[in-house]
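What follows is the residue order along each chain.
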Amino acid sequence: MKTMTAQEVQEYMNNNKDVSIIDVRETEEVKAGIIPGAVNIPLGLIEFRLQDIDKSQEHIMVCRSGSRSGMATNILAGRGYNVINMDGGMMAWDGPTE
């Protein structure tokens with residue numbers, strides 16, 4: 001599984017404007033703050049929302065601590081998606097949120 005630290009994700013976002021971030025936390029959790037531009041698809045809905053995830057694009061997966069996003073990364077990678085798990089999740093994120 002490919003991984004990036006929260007700091008690496010911030011640097012990547014600063015250098016790439018077309019970054020796809022998928023936050024797999026539950027809707028209630030996202031209300032506390034989400035990375036700007038991230039799309040919320042709760043982990044339990046990932047397999048039902050595959051049509052909403054561009055297979056030709058790289059996606060960074062995020063959750064609270066990195067565990068659920070790791071599961072989502074494995075699910076999507078197994079289906080041929082190019083995905084990266086953000087280690088530490090939002091607990092490690094010190095960048096902006098919305």
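In case you missed it, the structure is sitting above this.
### Here we look at the environment of Asp87
Inference 1: Examined against the element boundaries, Asp87 turns out to sit in the loop between strand 5 (82-86) and helix 4 (89-92).
Inference 2: A residue is classified by how much of its surface remains accessible, and Asp87, at 35% relative accessible area, is partly exposed.
Inference 3: In the structure, Asp87 is positioned 48 residues away from Val39 in sequence and 18 Å away in space, judged by C-alpha atoms.
Inference 4: Here Asp87 is in contact with Thr3, Met4, Ala6 and Ala92, once residues within four sequence places are set aside.

### Some points on the nonpolar core
Inference 1: Counting 15 residues, the largest nonpolar core has Val9, Ile21, Ile35, Ile60, Val62, Met86 and Trp93 as its most contacted members.
Inference 2: For this core, the elements supplying multiple residues, two or more each, are helix 1 (6-15), strand 4 (58-62) and strand 5.
Inference 3: Excluding anything up to four places from it in sequence, Met86 contacts Met4, Thr5, Ala6, Val9, Ile35, Ile60, Met61, Val62, Gly66, Ser69 and Trp93.

### Some points on the packing of aromatic side chains
Inference 1: Scanning the entire structure with this criterion turns up 0 aromatic pairs.
Inference 2: Between Lys55 and the ring centre of Tyr81, over which it is positioned, the NZ or CZ distance is 5.3 Å.

Rules used throughout
- Residues numbered from 1 in each chain as written.
- Predicted model: local features only at pLDDT ≥ 70, side-chain atom pairs only at ≥ 80, totals over all residues.
- Heavy atoms only, no water.
- Helix = DSSP H or I, 4+ residues; strand = E, 2+ residues; numbered from the N terminus.
- Buried < 20%, exposed > 50% of the residue type's maximum accessible area, 1.4 Å probe, protein only.
- Contact = heavy atoms within 4.5 Å.
- Core = buried A, V, L, I, M, F, W, Y, C linked by side-chain atoms within 4.5 Å.
- Phe/Tyr/Trp six-rings, centres within 6.5 Å; stacked < 30°, edge-to-face > 60°.
- Lys NZ or Arg CZ within 6 Å of the ring centre and 35° of its normal.

Purely spatial values, then, with no claim about function.
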